[in-house]
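# Coordinate inspection notes
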Amino acid sequence: MSTVHTRRHCIVPPYLLRALLDSDDGSVRRTALNSLLTSASIRGRRTALAGSLGMAADGRRTIFDVENGSALARAAVVRTEDGPPAADDSANKAFDGLGDTRQFYAEVFGRNSIDDRGLRLNGYIHRGVRFNNAFWDGLEMVFGDGDGVLFTDFTGSIDVIAHELTHGVTEHTAALEYHHQPGALNESISDAFGEMVKQWTLNQTADEADWLVGTEIFTPGVDADALRSMRAPGTAYDNAQFGQDPQPDHMDRYADLPDTDEGDYGGVHINSGIPNKAFYLVATAIGGNSWNAPGHIWYEALKASTATTDFSAFAATTYAQAVRLYGQTEQQAVRDAWEQVGVEGAG
Ligand SMILES: [Zn+2]
């Protein structure tokens, strides 16, 4: 049986946890170090068998409790499609978040789970002790509890769950490489669809939405709006613990970083601010619900992209899809948005 190593996609970028290593608070430093080391030691796993195991399951959900350990194989089942709600609220929140994301993709895009072949959705809660992260490893969704000082239980954030599962959708469509511009596009797709799922569950229009990614993951004690802002990249936080949100909102401020863990693989969580802002601009210019015309243009462009698609190529594809699916008004909105963030290629 061959094993393909896929990248683990964590919601909290390594540079945020690294910033905490400088904290004056010893327990914050220790928890951050532990979360960093744990994140680095987990390897994404996808076996050749996985595809067949997940087939024709219509995205059936199973929630497992890791009970603060790390051995997923020994985790106990705490919630299934057939059983009653669990006594543990985290189990029910994870179950609902996976369900909302699955339902969004089915109803809006006619997609049967992440791989469009009914992949089972397995969620593992209470992973590790005060683990400050949540991730999709190519096969399953894993949630930490957070340290309770800076981060809360990650099951409570629908856009985090939808962000993570969308990494799976990307993996099964364009399979965008996870570095430099294709990687930043990969991150941006997860943010954009994550926000769409959140807005869909709240039945919000593009104008009503906050466009903030991960508003719920910080404790009230942390002076931060969210992990990222799609409306105003670079403004999600600016505090002593994490420093300032490093996201640019224009190609003039594109961050040239090395393709290393330290460099966020060429700034995948940083430069994603640029296509994030473009999607926000398209959604608000067209108006109404983001998952209608804007979402369909982005979804079809994702399916028409490849592993090495960069910002310009993606801009060109969205421009082409806008007129193919809709008309001049939508195409103009797409052209204006990419122009405002300094990306050439649309029109
Ligand atoms: Zn991500």
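Residues numbered from 1 in each chain as written. Predicted model: local features only at pLDDT ≥ 70, side-chain atom pairs only at ≥ 80, totals over all residues. Heavy atoms only, no water.

### Here's the deal with the coordination of the zinc ion
- Around the zinc ion, the protein contributes the donor atoms His163 (NE2), His167 (NE2), Glu187 (OE) and Glu187 (OE), which lie 2.1 to 2.7 Å from the metal centre.
- For the zinc ion, the four donor atoms are set out with angles of 51 to 129° between them, so the coordination reads as irregular.
- Binding-site remark: the zinc ion is held by donors from one chain whose sequence spacing is H-x3-H-x19-E. Residue His163 and its partner His167 are located together in helix H5 (residues 158–171), separated by four residues, close to a single helical turn.
- Here His163 falls in the buried class, since its relative accessible area comes to 1%.
- The class for His167 is buried, based on a relative accessible area of 1%. (Donors = N, O, S within 2.8 Å, 3.2 Å for Na, K, Ca; no water. Tetrahedral: all angles 85-135°; square planar, octahedral: opposite > 155°, others 65-115°. Helix = DSSP H or I, 4+ residues; strand = E, 2+ residues; numbered from the N terminus. Buried < 20%, exposed > 50% of the residue type's maximum accessible area, 1.4 Å probe, protein only.)

### Topic: the pattern of salt bridges
- Overall, the coordinates contain twelve salt bridges when judged by the stated rule.
- A salt bridge links Lys93 to Asp153, with the nearest nitrogen and oxygen atoms 3.7 Å apart. Of the two residues, Lys93 sits in helix H4 (residues 89–109) while Asp153 sits in the loop between strand S8 (141–143) and H5, which places them 60 residues apart along the sequence.
- Asp153 sits in the buried class, given a relative accessible area of 19%.
- When salt bridges that share partners are traced, they join Asp159, Glu195, Lys198 and Asp210 into one network. (Salt bridge = Lys/Arg side-chain N within 4 Å of Asp/Glu carboxyl O.)

### Structural notes on the nonpolar core
- By size, the foremost hydrophobic cluster in this structure holds 85 residues, and its most contacted members are Phe104, Phe151, Phe193, Phe242, Trp298 and Trp338.
- Residue-level mapping places this core at the junction of two domains, with at least three residues from each of domain 1 (3–156) and domain 2 (180–340).
- Contact partners of Phe151, with chain neighbours within four places excluded, come to Val12, Leu17, Leu20, Asn132, Asp145, Gly146, Ile217, Phe218, Thr219 and Phe242.
- Ranked by size, the runner-up nonpolar core spans nine residues in total, among them Phe64, Val66, Phe131 and Phe135. (Core = buried A, V, L, I, M, F, W, Y, C linked by side-chain atoms within 4.5 Å. Domains from an automatic or database assignment. Contact = heavy atoms within 4.5 Å.)

### Some remarks on the domain arrangement of the protein chain
- Each assigned domain of the protein chain is listed here: domain 1 (3–156) and domain 2 (180–340).
- Placing the centre of domain 1 and that of domain 2 at their C-alpha centroids yields a distance of 22 Å.
- If you look at the interface, domain 1 gives 28 residues, while domain 2 gives 28 residues.
- When the two sides are added together, the surface that domain 1 and domain 2 hide from each other amounts to roughly 2500 Å², 66% of it contributed by carbon and sulfur.
- The largest share of the area that domain 1 buries against domain 2 comes from Tyr15, Phe104 and Phe109, three residues that together contribute 24% of it. (Buried area = accessible area lost by both parts, 1.4 Å probe.)

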